[in-house]
Amino acid sequence: MNTKIELVIFDCDGVVIDSEILSAQVLINMLADIGVNIDRAYVQQHFLGCNFKTVTQNLFDTFNVTLAESFEADYREALLKEFETALMPTNNIKGVLQRLSVPCCIATSSSPKRTVKALNVVNLEQYFNKVFTSSEVKNGKPAPDLFLHAAEQMGVKPQHCLVIEDSKAGVCAALAANMQVLHYSGGTHMQGAVNFVHQAYPDVAHLTHWDEFYKQFTALQTQ
């Protein structure tokens with residue numbers, strides 16, 4: 001099979017921007033205020049890569065808690081404030097983007113406003129002319145819809161796309177879309193944590209640092 005990569009689709013949170021640890025802590029603090037006590041491990045296992053609708057449903061199913069209508073907006077506002085002072089790109093992602101020889105885009109479960117804000121804060125917006133979010137499709141990750149939508153909009157067949165994801169939902173979505181996948185675990189939220197993604201998908205190529213990207217990229221191209 002010809003596996004030539006013609007498009008790299010990056011997830012945003014935890015892959016391009018080192019945001020997941022910030023997102024988790026803001027959510028943990030806000031949930032604690034309403035009597036729901038979870039930790040970062042719970043967030044990583046159940047919420048990583050998911051849209052807020054999925055998070056809301058999990059909280060209802062697990063804790064019998066219905067979030068206030070204002071909760072999501074309040075969470076997003078608090079997180080954007082946190083981004084302004086604490087958000088960083090993942091280590092050496094800029095070096096990867098500067099050398100990338102094929103087109104790339106972002107496909108994320110985050111909101112358009114949050115994604116644009118985050119890319120501007122870390123000065124990476126110039127590398128991503130195309131940003132696709134789950135608001136553009138019926139089903140978010142782990143369904144393949146978002147990645148298939150991104151590929152269609154970019155004019156590339158799914159089998160010639162490489163998806164880089166840090167979450168179980170994202171890896172599942174990429175595989176369902178018949179795309180090649182790299183599981184990136186270099187974000188600070190993965191340091192010292194149980195890697196639930198690698199446990200679930202041990203055969204998916206694993207990238208622990210961006211310095212390893214081009215070795216993995218070449219290997220995938222020659223399979």
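Quick note: structure is the one above.
All residue numbers refer to positions counted from 1 along the written sequence of the respective chain. Selection of residues for local features in this predicted model requires a pLDDT of at least 70, selection of side-chain atom pairs for listing and counting requires 80 or more, and totals for whole chains, interfaces and linings are taken over all residues. Calculated side-chain values reflect all of the structure's heavy atoms, with hydrogen atoms and water omitted.

Draft legend 1. Looking closely at the packing of helix α1 (residues 20-32) against helix α4 (residues 71-86). Under this scheme, a helix contributes an axis fitted over its contacting stretch, all axes are lines through C-alpha atoms, and angles between N-to-C directions fall in the 0 to 180 degree range. Going along the chain from the N terminus, every DSSP run of H or I of four or more residues is numbered as a helix, and every run of E of two or more is numbered as a strand. Packing of α1 against α4 brings their axes to within 10 Å, and their N-to-C directions diverge by 135°. It follows that α1 is oblique to α4 by the angle criterion. Remark: the crossing between α1 and α4 carries right-handed chirality. When α1 is examined against α4, the residues L22, S23, V26, L27, M30 and L31 are found in contact with a partner set consisting of F71, D74, Y75, A78, L79, E82, F83 and A86. Polarity classes work like this: nonpolar for Ala, Val, Leu, Ile, Met, Phe, Trp, Tyr, Cys and Pro, charged for Asp, Glu, Lys and Arg, and polar for all others, with Gly in that last group. Residue classes in the contact of α1 with α4 are distributed as 11 nonpolar, 1 polar and 2 charged. Throughout, the term roughly parallel applies to angles under 35 degrees, roughly antiparallel to angles over 145, roughly perpendicular to angles from 65 to 115, and oblique to all others. Two helices cross in a left-handed way if the nearer one is turned anticlockwise from the farther one by less than a right angle. They cross in a right-handed way if the turn is clockwise. Pairs of residues are marked as contacts when any of their non-hydrogen atoms sit within 4.5 Å.

Draft legend 2. Local environment of empty space enclosed by the protein. Two kinds of site are reported from a 1 Å grid over the protein atoms alone, namely cavities, where a 1.4 Å probe fits but cannot get out, and pockets, open sets with protein on both sides within 12 Å along at least five of seven lines, and residues are called lining when an atom falls within 4 Å of a point. Grid points are joined across faces, edges and corners, and a volume is the space filled by probe spheres set on the points. Applying the stated rule across the entire model yields 1 cavity of 30 Å³ or more. In this structure, the largest cavity encloses a volume near 320 Å³. Of all elements in the fold, only α1, α3 (52-63) and α4 reach the threshold of two or more residues within the lining of the largest cavity. The element contributing the most residues to the lining of the largest cavity is α1, with 4 residues. Here the lining of the largest cavity is composed, by residue class, of 9 nonpolar, 7 polar and 6 charged.

Draft legend 3. A look at the packing of α4 against helix α6 (residues 112-121). The geometry of α4 relative to α6 is characterised by a closest axis approach of 10 Å and an angle of 5° between their N-to-C directions. With respect to α6, the element α4 is oriented roughly parallel. For the pair α4 and α6, the contacting residues are Y75, R76, L79, L80, F83 and E84 in the first and K113, R114, K117, A118 and V121 in the second. Looking at side-chain class alone, the contact of α4 with α6 contains 6 nonpolar, no polar and 5 charged residues.

Draft legend 4. Inspection of the pairing of strand β2 (residues 104-108) at higher detail. Burial of β2 is extensive: 5 of the 5 residues sit out of reach of the surface. Three labels apply to residues, based on accessible area from a 1.4 Å probe with only protein chains included: buried if under 20% of the type maximum, exposed if over 50%, partly exposed otherwise in between. The alternating pattern of β2 places C104, I106 and T108 on one face and C105 and A107 on the opposite face, and all of these are buried. Here, a strand pair is defined by DSSP locating no fewer than two bridges between the strands. Bridge count for β2 against strand β3 (residues 131-133) is 3 bridges, and the pairing is parallel. Paired with I106 across the two strands is V131, which belongs to β3.

Draft legend 5. Region of the structure containing the layout of surface pockets. Estimates place the volume of the largest pocket at around 250 Å³. N51, F52, K53, T54 and S134 are, among the 18 residues lining the largest pocket, the residues nearest its centre. Among the elements of the structure, α3 and α4 are those that each provide at least two residues to the lining of the largest pocket. The greatest single-element share of the lining of the largest pocket, amounting to 4 residues, is contributed by α3. In terms of residue class, the lining of the largest pocket is made up of 2 nonpolar, 11 polar and 5 charged.

Draft legend 6. Local environment of unusual backbone geometry. The peptide bond linking K141 to P142 adopts the cis configuration, its omega dihedral lying at 15°. Note on placement: P142 falls in the loop between β3 and α7 (145-154). The phi dihedral of N64 falls on the positive side, at around 55°, and the residue is not glycine. Among the structural elements, N64 can be located in the loop between α3 and α4. Here N178, not a glycine, exhibits a phi torsion of approximately 65°, which is positive. Topologically, N178 is positioned in the loop between α8 (168-176) and β5 (180-184). Under the relative-accessibility criterion, N178 is labelled exposed at 51%.

Draft legend 7. Spotlight on the side chain of H189. Its location among the elements puts H189 in the loop between β5 and α9 (196-200). By relative accessible area, H189 is classed as buried at 13%. Polar contacts here mean pairs of N or O atoms no more than 3.5 Å apart (in protein, one a potential hydrogen donor and the other a potential acceptor; neighbouring residues in sequence count only if both atoms are side-chain atoms). Only 3.0 Å separates the side chain of H189 from the side chain of D166, close enough to count as a polar contact.

Draft legend 8. Representation of the packing of aromatic side chains within the structure. We call Phe, Tyr and Trp rings a pair once their centres come within 6.5 Å, taking the six-membered ring for Trp, and we label the pair stacked below 30 degrees between planes, edge-to-face above 60, and tilted otherwise. Taken as a whole and judged by the stated rule, the model has 11 aromatic pairs. The interplanar angle of 20° and the centroid separation of 4.4 Å between the aromatic rings of Y184 and W210 together place this pair among those described as stacked. Here W210 lies in the loop between β6 (205-207) and α10 (213-221) and Y184 lies in strand β5, a separation of 26 residues in the sequence. Residues Y184 and W210 agree in their burial class; the two are buried. Taking 5.5 Å as the distance between ring centres and 35° as the angle between the ring planes, the aromatic pair formed by F213 and F217 counts as tilted. Of the two residues, F213 and F217 both sit in helix α10, 4 residues apart, roughly one turn of that helix. For the pair F213 and F217, a shared accessibility class is recorded, and that class is buried. Linked through ring pairs, F10, F128, Y184, W210, F213, Y214 and F217 together constitute an aromatic cluster. Taking NZ or CZ as reference, R99 lies 4.1 Å from the ring centre of Y214, over its face. Ring-over charges, as used throughout, are those where CZ of Arg or NZ of Lys falls within 6 Å of the ring centre and within 35 degrees of the ring normal.

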